[in-house]
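# Chains, contacts and geometry: an overview
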Amino acid sequence: MRIRDLLGIELDILQAPMAGVQGSRLAIAVSNAGGLGALPCATLGPDALRRELEALRSGTSRPFNVNFFCHTPVTPSPAEEARFREKLAPYYEELGLDPNLTPAGAGRAPFTHDVADIVAEFAPPVVSFHFGLPAADLLARVKGWGAKVLSSATTVEEARWLEAHGADVIIAQGLEAGGHRGHFLRSDLTEQMGTFALLPQIVDAVKVPVIAAGGIADARGVRAAMALGAAGVQIGTAYLLCPEADTSAVHRAALTSAARHHTALTNLFSGRPARGIMNRLMRELGPMSPDASPFPWAVAAVAPLRARAERNGSGDFSPLWAGQNTSPLAEVDAATLTRALAPLDAHREIG
């Protein structure tokens, strides 16, 4: 089945859910343009989640995707917290901050029955997950209101696991992708592949539709992915400069500077590998540090540094998420970008 028919969309373009840099405005714009807009929900509390879902329902009559994390929450030991704070202490001193003044809480929550209670009221047509899938009873609730379920695979093994456990669509996330790696069976980064190596292997290994993600930022990349068997393409970084995105000023500045061409995987900003533009913290501590607090607790430790630096116009301590292919980025509205990314046959069908 074509992805357009399965998800009820007009174009084979899915907007990647990007926590911290977008809300319902971007999702609505993409969905109204014929693609599948997405709302990242892992950082939203109950009230904010309800407001955003209400905005989606009032802003578009077309399908949209709501995205959640499926990580197993952990609490760092005092020793783990102290080790990371010690690494950050010189920066706190430099910026005149109290090292004990850090936000409480992890800031990233997994999908739960309490969250499902809220989401079920809106019955979104598509629900996607990162870091695997929720428990079987939770997944059954999602499917019970008729939603199609998507999840990311970073290896062939993960793709087979997702298909066996109920995913309707698999997102093949290549190593080039910006933001958090979606791996969940193992964390060995040497097992991770680039998009155009991973994609055809997953297509051959599963029967469900496969979406390509990672390093695709223009129509050429979309065509290449489709030629390798992708049913559609998920794109994130290209949307970061859209006016409908909530991308910060320092993040936008980095995406339009020469710095955007150097990205790396880092665990400094959340505790889990994610790809972003190299900045001072990544250079000086090393992008991947054994001292970083476990996911997602590193967020709280870095947050005061980020807030103070951004007020001063600096992205030295900010997670400047971006994929490896930033050359085609342009400041254009989300509808125009979505249509420009779509395969030519899709334009003929809807035009």
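Taking an unreviewed UniProt entry as the reference, the chain is identified by name as Propionate 3-nitronate monooxygenase belonging to Polyangium sorediatum. The UniProt entry for the chain carries this comment under Sequence similarities (unreviewed entry): "Belongs to the nitronate monooxygenase family. NMO class I subfamily." Check the Catalytic activity (unreviewed entry) section of the UniProt entry for the chain; it says "3 propionate 3-nitronate + 3 O2 + H2O = 3 3-oxopropanoate + 2 nitrate + nitrite + H2O2 + 3 H(+)".

## Concerning the packing of helix α7 (residues 156-164) against helix α8 (residues 195-205)
Between α7 and α8, the shortest axis-to-axis distance is 9 Å and the interhelical angle comes to 35 degrees. Our pair here, α7 against α8, has a crossing hand that is right-handed. Residues Val156, Ala159, Arg160 and Glu163 of α7 form the contact with α8, whose participating residues are Leu198, Gln201, Ile202 and Ala205. Classifying every residue of the contact of α7 with α8 by side-chain character gives five nonpolar, one polar and two charged.

## Details of the layout of surface pockets
If you roll a probe as big as a water molecule over the atoms, it shows you where there is empty space left. Size it by volume and the largest pocket reaches roughly 360 Å³. Around the largest pocket, the lining is made up of 19 residues, and of these Gly20, Arg108, Val299, Arg306 and Pro319 lie nearest the centre. For the lining of the largest pocket, the element with the most residues is helix α12 (residues 298-311), which contributes five residues. Classifying every residue of the lining of the largest pocket by side-chain character gives 10 nonpolar, five polar and four charged.

## Looking at the sheet that holds strand β11 (residues 274-277)
An order of β7-β11-β10 is seen for the three strands of this open sheet, with the pairing classed as antiparallel. Among the strands making up the open sheet, the edge pair consists of β7 (179-180) and β10 (263-266). Direction of pairing for β10 relative to β11: antiparallel, over a ladder of four bridges. The residue of β11 that forms the bridge with threonine 266 is alanine 274.

## Notes on the pairing of strand β8 (residues 210-213)
Neither face of β8 is open: one carries Val210 and Ala212, the other Ile211 and Ala213, and all of them are buried. Here four bridges tie strand β6 (residues 169-173) to β8, and the two strands are oriented parallel to one another. Paired with alanine 172 across the strands is alanine 212, a residue of β8. In this structure, β8 lies alongside strand β9 (residues 232-235), joined through three bridges in parallel fashion. Counted as the bridge partner of alanine 213 is glutamine 234 from β9. With helix α9 (residues 219-227) bridging β8 and its parallel neighbour β9, the resulting β-α-β unit is right-handed.

## Description of the environment of threonine 195
Its place among the elements puts threonine 195 in helix α8. According to the relative accessible area criterion, threonine 195 is buried, its value standing at 1%. Separated by 17 residues in the primary sequence, threonine 195 and alanine 212 place their C-alpha atoms 7.0 Å from one another. In contact with threonine 195, not counting residues within four places along its chain, are Gly174, Leu175, Glu176, Pro200, Ala212, Ala213, Gly214 and Ile216.

## Observations regarding the sheet that holds strand β3 (residues 64-69)
Spatially, β1-β9-β8-β6-β5-β4-β3-β2 is the arrangement adopted by the eight strands of the open sheet, whose pairing is parallel. In this open sheet, the two strands that pair with only one neighbour each are β1 (13-15) and β2 (37-40). Between one strand axis and the next, the sheet turns through 25 degrees on average, direction left out of account.

## Describing empty space enclosed by the protein
Using the criterion set out here, one finds one cavity of 30 Å³ or more in the structure. Estimates place the volume of the largest cavity at around 600 Å³. Looking at the largest cavity, it is lined by 38 residues, and the ones nearest its centre are Ala16, Pro17, Met18, Gly178 and Gly179. Every element with two or more residues in the lining of the largest cavity is listed here: β3, β4 (126-130), β6, β7 and β9. Counting residues per element, the lining of the largest cavity draws most heavily on β4, at three residues.

The rules behind the values
- Residues numbered from 1 in each chain as written.
- Predicted model: local features only at pLDDT ≥ 70, side-chain atom pairs only at ≥ 80, totals over all residues.
- Heavy atoms only, no water.
- UniProt positions renumbered as here; feature names shortened; annotations may be inferred.
- Axes fitted to C-alpha atoms, helices over the stretch in contact; angles between N-to-C directions.
- Helix = DSSP H or I, 4+ residues; strand = E, 2+ residues; numbered from the N terminus.
- Left-handed = near helix turned anticlockwise from the far one by under 90°.
- Contact = heavy atoms within 4.5 Å.
- Nonpolar A, V, L, I, M, F, W, Y, C, P; charged D, E, K, R; others polar.
- 1 Å grid on protein atoms, 1.4 Å probe; cavity = no way out; pocket = protein on both sides within 12 Å on 5 of 7 lines; lining within 4 Å.
- Points joined across faces, edges and corners; volume = space filled by probe spheres on them.
- Pairing = 2+ DSSP bridges.
- Buried < 20%, exposed > 50% of the residue type's maximum accessible area, 1.4 Å probe, protein only.
- Right-handed = clockwise from strand over helix to strand, strands pointing away.

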